[in-house]
Amino acid sequence: VFSLDQAAHLTANYNSLSKVTFVGHSHVTTSYMVTQAMSLQVRAPRLQLRDGVKYVFNVGSVGQPRDKDRRACCVIYDTDEQSVNYIRVSYDIETAAQKIFAADLPQAFGQRLYHGV
């Protein structure tokens, strides 16, 4: 789920969705709130989960982020607090990029690390 248009299709499947769904390998950090009536994109570092709402979280990427934030990203789901927190961590982009270049992978894979795209 990369866009609000795609998330809108989730509304029709509300009853079959889990309360919380995590999507990996998307490289994009975003989340969607889904009710029986609508889907809404939410961009916040922390979300407090509410009753009657289902959530889809794109958890981001520890490598190759593509949301214009070059820091690594992951989430912590606190089941006691019923909250999800996005965590951003800086890392040594230069070393990571140089390893990509040395591995003879496409140059774009290394270059994009500097920009988070």
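Scroll up to find the structure this text is about.
Residue numbers restart at each chain and count upward from 1, following the sequence in its written direction. Since the coordinates come from a predicted model, pLDDT governs what is reported: local features require at least 70, and pairs of side-chain atoms require 80 or more to be given and counted, while whole-chain, interface and lining totals use all residues. With hydrogens and water set aside, each side-chain value is computed from the structure's full complement of heavy atoms.

Let's talk about the sheet that holds strand β6 (residues 72-78)
Here is the rule: For two strands to count as paired, DSSP must find a minimum of two bridges between them. Strands here are runs of E lasting at least two residues and helices are runs of H or I lasting at least four, both read from the DSSP assignment and numbered beginning at the N terminus. Each axis is a line fitted through C-alpha atoms, and for a helix only the stretch in contact is used; angles between axes span 0 to 180 degrees, taken between their N-to-C directions.
Read from one edge to the other, the open sheet built from three strands follows the order β4-β7-β6, with strand pairing classed as antiparallel. In the strand order of this sheet, the two ends are held by β4 (46-48) and β6, each with one partner. The mean inter-strand angle of the sheet, taken between neighbouring strand axes irrespective of direction, is 15°. Sheet topology places β4 next to strand β7 (residues 83-89); three bridges connect them, and they run antiparallel. Pairing of R46 across the sheet is with N85, part of β7.

Considering the packing of aromatic side chains
Test applied: In summary, the pairing rule links any two rings of Phe, Tyr or Trp, Trp by its six-membered ring, whose centres are within 6.5 Å, and it sorts them by plane angle into stacked for under 30 degrees, edge-to-face for over 60 and tilted for everything else. To sort residues, take the accessible area from a 1.4 Å probe on protein chains only and compare it with the maximum for the residue type: under 20% means buried, over 50% means exposed, and anything in between is partly exposed.
Taken as a whole and assessed by the stated rule, the structure comprises four aromatic pairs. For the ring pair F22 and Y77, a centre distance of 5.6 Å and an interplane angle of 55° mean the geometry is tilted. One end of the pair, F22, is in strand β1 (residues 20-23); the other, Y77, is in strand β6, with 55 residues separating them in the sequence. By relative accessible area, which is 31% here, Y77 ends up partly exposed. Note on Y55 and F57: the rings are 5.9 Å apart at their centroids and 15° apart in plane angle, and the pair reads as stacked.

Thoughts on the environment of A12
Here A12 is to be found in the loop between α1 (4-11) and β1. Judged by relative accessible area, which is 71%, A12 ranks as exposed. Considered as a pair, A12 and P45 are 33 residues apart in the sequence and their alpha carbons are 27 Å apart.

Regarding unusual backbone geometry
Backbone geometry at H27 places phi at a positive 65°, although glycine is not the residue there. Turning to its location among the elements, H27 is positioned in the loop between β1 and β2 (29-34). Notably, D104 is not glycine yet its phi reads approximately 60°, a positive angle. Looking at where D104 falls in the secondary structure, it is placed in the loop between α2 (93-102) and α3 (107-111).

Section: α2
Where we set the bar: As used here, the arc is the angular range of directions from the helix axis to the C-beta atoms. Contacts were defined at the residue level, with two residues in contact if any of their heavy atoms lie within 4.5 Å.
When we look at burial in α2, the residues that qualify are I93, A97, I100 and F101. The buried residues of α2 occupy an angular sector of 100° when the element is viewed end-on, so they sit on one face. Structural note: α2 exposes K99 and A102 on the side pointing more than 90 degrees away from its buried face. Lining the buried residues of α2 we find α3.

A short note on the state of the cysteines
Under the convention used in this document: We call a pair of cysteine sulfur atoms a disulfide when they lie within 2.5 Å.
Per the stated rule, a full pass over the model turns up zero disulfides. With no disulfide partner, C73 has as its closest neighbouring cysteine sulfur the one in C74, 6.3 Å distant. On the basis of relative accessibility, which here comes to 4%, the residue C73 falls in the buried class. What makes C74 partly exposed here is its relative accessible area of 34%.

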